[in-house]
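Each chain is listed here by its residues.
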Amino acid sequence: MCGIVGYIGTQSATEILLSGLEKLEYRGYDSAGLATVCDGQIKSVRAKGKLHNLREKLVGVEMPANVGIGHTRWATHGKPEEYNAHPHTDDTGRVAVVQNGIVENYRELRKELESQGHKFVSDTDTEVIPHLIAAFLSNFTGQREAFFEAVRQTVNKLDGGFAIAVVCADYPNEIIVARQQAPISIGLGQGEFFCASDTPALVSHTQVVVSLDNGEIARLTPLGVEVYNFDGDRVNKLPRILNWSPTLVEKHIFKHFMLKEIHEQPNVVRSCLEAYINSDWDAMNSLVSPTNLKLSSSLYENLEQVEIFACGTSWHASLIGKYLLEQLAGISTTVNYASEARYAPSPLRKNTLLIGVTQSGETADTLAALAMEQQRRLDKPAEFESILLGITNRAESSLANLVNQIIDIRAGIEIGVAATKTFVAQVMAFYFLAIDLSWQRKYLSGERIAEIINGLQKIPAQMEQMLETQDSQIEDFAHQFNDTQDFIFVGRGINYPIALEGALKLKEISYVHAEGYPAGEMKHGPIALLDDKVPVVAIAMPGLVYEKVLSNAQEAKARDAQLIGVTPESTEADVFDNVLAVPAVDELLSPMLTVIPLQLLAYHIAAHRGLDVDQPRNLAKSVTVE
Ligand code: AGP
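The rules behind these values
Residues numbered from 1 in each chain as written. Predicted model: local features only at pLDDT ≥ 70, side-chain atom pairs only at ≥ 80, totals over all residues. Heavy atoms only, no water. Helix = DSSP H or I, 4+ residues; strand = E, 2+ residues; numbered from the N terminus. Rg over C-alpha atoms; globule rule 2.2 N^0.38 Å. Buried < 20%, exposed > 50% of the residue type's maximum accessible area, 1.4 Å probe, protein only. Contact = heavy atoms within 4.5 Å. Areas by Shrake-Rupley, 256 points an atom, 1.4 Å probe, with all protein chains shown as cover. Polar contact = N/O pair within 3.5 Å; in protein donor to acceptor, adjacent residues only side chain to side chain. 1 Å grid on protein atoms, 1.4 Å probe; cavity = no way out; pocket = protein on both sides within 12 Å on 5 of 7 lines; lining within 4 Å. Points joined across faces, edges and corners; volume = space filled by probe spheres on them. Nonpolar A, V, L, I, M, F, W, Y, C, P; charged D, E, K, R; others polar. Core = buried A, V, L, I, M, F, W, Y, C linked by side-chain atoms within 4.5 Å. Pairing = 2+ DSSP bridges. Near = heavy atom within 4 Å. Salt bridge = Lys/Arg side-chain N within 4 Å of Asp/Glu carboxyl O. Phe/Tyr/Trp six-rings, centres within 6.5 Å; stacked < 30°, edge-to-face > 60°. Lys NZ or Arg CZ within 6 Å of the ring centre and 35° of its normal.

### Here we look at the overall build of the protein
Counting its secondary structure elements, the protein contains 16 helices and 24 strands. Taken over C-alpha atoms, the radius of gyration comes to 26 Å for the protein, in line with the 25 Å a tight globule of 626 residues would show. Oriented by its inertia axes, the alpha-carbon framework of the protein measures out at about 85 × 55 × 45 Å. Looking at the 626 residues of the protein, the share that counts as buried comes to 60%. Relative to all contacts within the protein whose residues are 6 or more apart in sequence, the contacts with residues 24 or more apart total 71%. Summing over all exposed atoms, the protein offers an accessible surface of approximately 24100 Å²; the carbon and sulfur share of this is 48%.

### A word on the environment of R219
Take R219: it is sitting in strand 12 (residues 216–221). On a C-alpha basis, the gap between R219 and A561 in space is 62 Å, while along the polypeptide they are 342 residues apart. The residues touching R219, leaving out its near neighbours within four places in the chain, are E145, F148, E174, I175, I176, G224, V225, E226 and Y228. Polar contacts involving the side chain of R219 include one to the side chain of E145, which spans 2.9 Å.

### Brief notes about unusual backbone geometry
In this model, H86 is joined to P87 through a cis peptide bond whose omega is 0°. Relative to the assigned elements, P87 resides in the loop between strand 4 (67–73) and strand 5 (88–89). Of note, D39 is a non-glycine position whose phi angle comes to about 50°, a positive value. Locating D39 in the fold gives a position in the loop between strand 2 (31–38) and strand 3 (41–48).

### Some details on empty space enclosed by the protein
Applying the stated criterion across every chain yields a total of three cavities of 30 Å³ or more. Around the largest cavity, the lining is made up of 18 residues, and of these C2, W74, Q99, N100 and G101 lie nearest the centre. When residues of the lining of the largest cavity are assigned to their parent elements, the largest contribution, three residues, is made by strand 6 (residues 95–103). Residue composition of the lining of the largest cavity, by class: six nonpolar, nine polar and three charged.

### Notes on the nonpolar core
Among soluble globular proteins, nonpolar side chains are generally buried collectively. By size, the foremost hydrophobic cluster in this structure holds 98 residues, and its most contacted members are I355, L433 and F487. Broken down by element, this core gets its largest block of residues, 14 residues, from helix 12 (residues 421–440). Apart from residues lying up to four places away in sequence, F487 is in contact with F481, L506, V512, H513, A514, E515, V534, P535, V537, I564, L601 and I605. Judged by nonpolar contacts, the second largest core, of 31 residues, contains V151, I164, A178 and I217.

### A closer look at the sheet that holds strand 10 (residues 193–196)
Read across the open sheet, the eight strands follow the order 3-2-4-1-10-9-11-14; overall the sheet is antiparallel. The open sheet has two free edges, formed respectively by strand 3 and strand 14 (240–241), since each of these has just one partner strand. Across two bridges, the pairing between strand 11 (residues 208–211) and strand 14 is antiparallel. Bridge pairing links V208 to I241 in strand 14.

### Considerations on the site of the ligand
Taken together, 15 residues surround the ligand, and among them S314, T358, S360, T363 and E508 come closest. A distance of 3.1 Å separates a nitrogen atom of the ligand from a polar atom in the backbone of V417. One of the side-chain nitrogen or oxygen atoms of E508 is found 2.6 Å away from an oxygen atom of the ligand. Protein burial of the ligand: of its 410 Å² of free accessible surface, 91% is covered by the chains. For the shell around the ligand, the secondary-structure elements that each account for two or more residues are helix 8 (312–329) and helix 14 (496–510). Grouping the constituent residues of the shell around the ligand by class yields six nonpolar, seven polar and two charged.

### Points about the pattern of salt bridges
Going through the model one piece at a time under the given rule, you end up with 30 salt bridges. The salt bridge involving R376 is made with E373; its shortest N-O contact spans 2.6 Å. In this pair, R376 and E373 both sit in helix 10 (residues 364–377), three residues apart, roughly one turn of the helix. A salt bridge links E501 to K505; the nearest nitrogen and oxygen atoms lie 2.6 Å apart.

### Thoughts on the packing of aromatic side chains
Evaluated as defined, the whole model comprises eight aromatic pairs. Centroid distance F147 to Y171: 5.7 Å. Interplanar angle 20°. Geometry classified as stacked. With F147 in helix 5 (residues 146–155) and Y171 in the loop between strand 7 (160–168) and strand 8 (175–180), the pair connects residues that are 24 residues apart, well separated along the chain. Residue class for F147 comes out buried when judged on its relative accessible area of 0%. Here the basic side chain of K50 rests over the ring of Y29, its NZ or CZ set 4.5 Å away from the ring centre. Positioned above the aromatic ring of Y511 is the side chain of R617, whose terminal nitrogen or guanidinium carbon lies 3.8 Å from the ring centre.

Dropping the structure here:
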């Protein structure tokens with residue numbers, strides 16, 4: 001969603017701010033702006049739409065400042081118009097603020113400020129912040145700490161979740177940043193300091209960062225960074241080193257980040273296997289776990305069930321997780337839409353492992369659902385204790401702060417809004433968890449576990465072979481769907497979530513209407529949609545439900561639908577009008593491969609239509625508001 005950047009140092013701030021904002025474009029936005037401080041004045045430039053509009057407005061504008069803040073806004077309060085774009089200023093234009101999140105009590109604050117004579121010019125919740133700061137500043141006139149104190153007093157008046165960066169014309173050597181529920185990190189350079197709501201904007205300048213925790217406020221000056229809590233007490237923070245190379249945020253030979261990330265999947269799976277499979281384990285040696293997850297034994301003690309909370313693609317990965325946990329480890333598992341569960345929680349279950357799955361680690365609904373579970377288990381008997389596990393790509397995220405332990409899915413930063421490599425890495429995390437639990441509970445034999453691990457080890461090479469042959473094949477194939485308006489995806493068992501994921505990928509980036517169904521449900525209603533204009537993609541992998549899916553596919557074909565099989569090249573393949581071939585692997589492992597042609601199909605259909613694949617309309621990479 002929104003993005004914040006800030007710079008203070010000796011270089012010209014404007015270009016650093018603009019290139020930082022470009023690194024945050026992937027998060028989704030609809031207007032942008034920046035403010036710099038120079039010669040005792042704030043200069044602010046804002047534009048509706050994409051960053052190139054802001055760049056155009058800056059042509060010919062003198063902005064020689066070494067201090068500034070910038071923002072990309074994803075509209076919540078007020079339309080995506082220039083007058084609502086950040087930075088927002090006070091009446092005198094001497095304080096400028098950018099904000100991510102929502103100030104929930106902005107109506108009361110605005111009323112109060114208006115009654116004191118403050119004039120508001122936007123529809124946003126953010127605008128109350130510079131006005132409040134300006135009001136507090138007048139109480140501290142002449143004091144050295146005035147700017148910092150005015151911002152500190154202000155954040156103590158705000159309700160909601162937010163991250164802010166503030167500059168003031170009267171304090172040209174300071175940027176103040178603060179965090180309450182929305183992420184912000186500070187990058188430490190040599191005599192220069194940066195801030196950003198997400199680390200991709202920092203990695204090309206520095207890999208040494210300090211991330212603020214909730215309720216912390218920091219002062220950045222050319223001499224250093226000081227962090228305090230909202231009460232004003234100094235906090236000592238240890239910097240951490242980012243393990244992302246700056247090249248991860250470049251497209252290289254690929255036209256879009258999404259295509260690059262699809263092609264990165266074999267290596268992501270390899271890196272997960274290296275990190276989490278215990279090479280010392282052998283099927284006969286039951287003393288050590290087959291995995292290196294290193295989860296605390298408290299997560300497993302008396303475990304009776306698992307409850308998962310997630311949204312979107314992470315919810316699809318969780319459905320595969322449920323299948324694996326139930327079939328490999330015999331643990332009954334429920335998967336909740338986080339946005340639904342938080343308002344209609346199921347009755348409290350005892351001895352339950354609660355898992356939050358979110359690649360960004362910042363999805364507001366998922367965090368709120370977990371926090372609610374934590375809250376309602378307080379003061380309950382020991383068997384209701386909240387035991388929280390997170391599965392995330394961001395080991396430093398809000399999720400990681402909330403839960404007892406995480407599985408870091410190690411996918412490397414994902415820039416495309418449509419999740420691809422983080423999806424396969426989340427599914428890998430569930431294989432490891434299910435294998436670990438299966439071993440702990442002695443549910444499967446050592447031989448069967450070894451067979452599964454062996455199959456997983458082959459996945460990266462199989463993915464590579466598929467990507468090599470299918471990328472251009474599907475690019476050609478996608479041409480015929482330039483005018484198609486509806487798609488149906490069907491699958492069963494462990495591949496039903498892949499049907500959902502294939503449909504979501506297509507919807508998100510090509511704006512083609514698509515639905516995923518369990519193949520056996522088609523005849524209970526959706527089959528009425530079928531005719532020769534609605535292609536049906538059927539995922540048919542040899543195994544328990546193979547014949548069933550083939551029969552369901554035949555029913556679609558009998559209604560004139562173009563039938564596309566995601567299936568091995570085999571004699572039954574002639575059931576299909578077109579085949580997107582998948583190696584004939586164990587059905588249990590097949591989602592790792594069946595998802596690939598569906599990602600490529602969605603990508604090439606969208607790319608043919610000339611759409612903005614990496615930043616589809618209305619979407620944001622991490623959904624930090626409810
Ligand atoms: C995936 O392609 C989507 N952009 C979206 O559904 C996403 O999976 C969802 O918003 C959850 O995000 P998270 O994994 O960061 O929690």
